[in-house]
Amino acid sequence: MISVSAVGTLVPSEPACVYRSRINLHGIINFHKKIQLRSRVVCAVEIKNAEDFKFPSFLSSYLSREAPIKDSAALKMATRIQRLPVETDLSERPIMSSCVMPLRQNMEATPVVLLHGFDSSCLEWRYTYPLLEAGGMEPWAVDLLGWGFNNGGVKSYNVAAKREHLYKFWRRYIKRPMALVGPSLGAAATIDFAVCYPEAVSRLVLIDGNVYAEGTGNMAKFPKSLAYFGVSLLKSVPLRTWATFLALSKMSRSRINDMARVGRLHCHSPHWADATVDFMLSGGYNIAARIKEACSIISPFLQIDKKTLVIWGEEDEIVSMKYAKRLQEDLKESKVQYISECGHIPHVEKPEIIANMIIDFLNDEHAEESTSE
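Every chain's residues receive numbers from 1 upward, in the order its sequence appears when written. A pLDDT threshold of at least 70 governs which residues receive local features in this predicted model, and a stricter bar of 80 or more applies before side-chain atom pairs are shown or counted, although totals over entire chains, interfaces and linings include all residues. Computation of side-chain values covers all heavy atoms of the structure but excludes hydrogens and water.

Q: What's the story with the pairing of strand β6 (residues 138-142) in this structure? I'm lost.
A: A regular strand carries its side chains on alternate faces of the sheet. Three labels apply to residues, based on accessible area from a 1.4 Å probe with only protein chains included: buried if under 20% of the type maximum, exposed if over 50%, partly exposed otherwise in between. In this text, helices come from DSSP runs of H or I with a minimum length of four residues, and strands from runs of E with a minimum of two, each type numbered from the N-terminal end. Counting buried residues along β6, 5 of its 5 residues qualify, which places the element largely inside the surrounding structure. Of the two faces of β6, both are covered, the one formed by Glu138, Trp140 and Val142 as well as the one formed by Pro139 and Ala141. Direction of pairing for strand β4 (residues 95-100) relative to β6: antiparallel, over a ladder of 2 bridges. Paired with cysteine 99 across the two strands is valine 142, which belongs to β6. Only when DSSP finds a minimum of two bridges between them are two strands counted as paired. Here strand β5 (residues 111-114) pairs with β6 via 4 bridges, running parallel. Each bridged residue has a counterpart across the sheet, and for leucine 114 the counterpart in β6 is alanine 141.

Here it is in structure tokens:
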């Protein structure tokens with residue numbers, strides 16, 4: 001069974017740490033009846049038409065295959081997406097890697113690298129990114145290999161490949177320790193990366209982290225034909241809309257429909273299905289298994305000595321809030337902050353709060369450095 005993880009994103013497993021959000025036809029057809037019962041206000045959005053913006057050529061083809069997107073924050077951020085060449089051992093040619101990079105690099109500031117959740121893109125950060133930039137940060141919204149708007153065509157899209165790609169991107173363009181931010185499944189990617197490349201990371205921010213999921217579970221054993229069928233469902237409008245409803249909720253039907261369109265935009269990539277199937281069949285992120293393998297010697301969590309901020313929406317219906325406390329216990333240099341009246345993706349629902357939390361967290365780092373000097 002497929003459980004929903006984030007707006008336009010799905011976690012292809014059903015671990016104990018996830019509230020099981022079973023997809024059924026009755027629920028998808030009738031979900032709009034529930035919308036009227038919800039009242040939480042989610043980030044006011046300016047409505048514009050795509051014709052008012054100029055997009056990079058590679059992105060125009062994606063937009064032409066999707067129903068018109070009205071969210072001006074998404075459209076504005078899309079105009080800034082670019083592909084940067086990254087050389088890896090995964091392909092003979094450089095991978096043209098999609099990201100939104102800062103207008104200017106401040107070598108005295110800590111770069112803030114923003115990852116996304118499962119099967120999503122850098123557009124997740126459309127509301128929070130400009131606030132971080134306005135707050136003096138150096139934000140980089142980077143697409144994980146196989147998702148977002150990367151050009152694909154590599155040997156593998158498994159965890160090791162995603163990790164290597166991110167590291168080579170960091171080494172080529174960022175070049176100094178970063179604050180790595182991961183929401184939902186991106187939190188597992190963040191921990192995995194920090195364990196393997198501690199020199200590249202100064203601090204971690206984990207947002208409603210889907211960290212304790214045991215990979216893709218039985219889906220890793222699916223025949224490839226069945227895996228492709230499952231992935232085709234992930235792209236469907238009804239399922240994406242239902243996922244958006246569960247992750248965000250408490251908004252108008254028109255907003256949900258528009259956010260679903262933003263969430264599935266990257267699915268029009270010619271490499272998207274192959275990349276997602278490869279990731280599923282590879283087993284996905286299984287931090288829990290790494291802990292078990294470590295037995296009583298040392299766990300991946302205990303290898304992380306970086307200061308970590310754990311953020312959790314108190315109304316998360318996807319990943320139980322009790323795992324915020326568990327993360328705090330497993331990560332020795334961590335603290336937890338909760339956001340009231342907020343669901344699974346606070347950087348979409350409460351961007352001002354998230355931006356301020358990240359800025360304050362990093363300013364504390366600079367204050368500590370100044371004190372030590």
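Q: For this particular structure, what's the right way to read the confidence of the model for the protein chain?
A: Do not read the fine detail of predicted coordinates wherever pLDDT is low. Confidence in the prediction of the protein chain, expressed as mean pLDDT, is 83, and 79% of residues score 70 or more. Here residues 1-42 scores under 50 on pLDDT; set against residues more than four positions off or in separate chains, the count is 131 contacts. Summary of the metric used: pLDDT quantifies the predictor's per-residue confidence within the range 0 to 100. Should any heavy atoms of two residues lie within 4.5 Å, those residues are counted as being in contact.

Q: Just to check I follow, could you spell out the packing of helix α9 (residues 237-247) against helix α10 (residues 253-263) for this structure?
A: When two helices pack together, their arrangement is given by the angle between the helix axes and by the axis-to-axis distance. To get an axis, a line is fitted to the C-alpha atoms, and for a helix only the part in contact is used. The angle between two axes follows their N-to-C directions and goes from 0 to 180 degrees. Where α9 meets α10, the axes come as close as 8 Å, and the angle between the chain directions of the two elements is 115°. Between α9 and α10, the interaxial angle falls into the category roughly perpendicular. Taken as a pair, α9 and α10 cross one another with a handedness that is right-handed. Contacts from Arg240, Thr241, Thr244 and Phe245 of α9 reach α10 at Ile256, Asn257, Met259, Ala260 and Gly263. When residues are grouped by polarity, Ala, Val, Leu, Ile, Met, Phe, Trp, Tyr, Cys and Pro land in nonpolar, Asp, Glu, Lys and Arg in charged, and all others, Gly among them, in polar. Class assignment for the residues of the contact of α9 with α10 results in 4 nonpolar, 4 polar and 1 charged. Just so you know how the angles are binned, under 35 degrees is roughly parallel, over 145 roughly antiparallel, 65 to 115 roughly perpendicular, and the rest oblique. In this scheme, a crossing is called left-handed if the near helix is turned counterclockwise away from the far one by less than a right angle; it is called right-handed if the turn is clockwise.

Q: Got a minute to help me understand the packing of aromatic side chains in this structure?
A: Describing an aromatic ring pair means giving the distance of the ring centres and the angle of the ring planes. Only Phe, Tyr and Trp rings are paired, with Trp represented by its six-membered ring, and only when their centres lie within 6.5 Å; those with planes under 30 degrees apart are stacked, over 60 edge-to-face, the remainder tilted. Scanning the model with the defined rule gives 12 aromatic pairs in all. Ring geometry for phenylalanine 279 versus tyrosine 285: centroids 5.9 Å apart, planes at 50°, classification tilted. Among the aromatic residues, ring-to-ring pairing joins Phe118, Trp147, Phe279 and Tyr285 into one connected group. Above the ring of phenylalanine 361, the side-chain terminus of arginine 203 is found at 4.7 Å from the ring centroid. We call a charge positioned above a ring when the Lys NZ or Arg CZ atom is no farther than 6 Å from the ring centre and deviates by at most 35 degrees from the ring normal.

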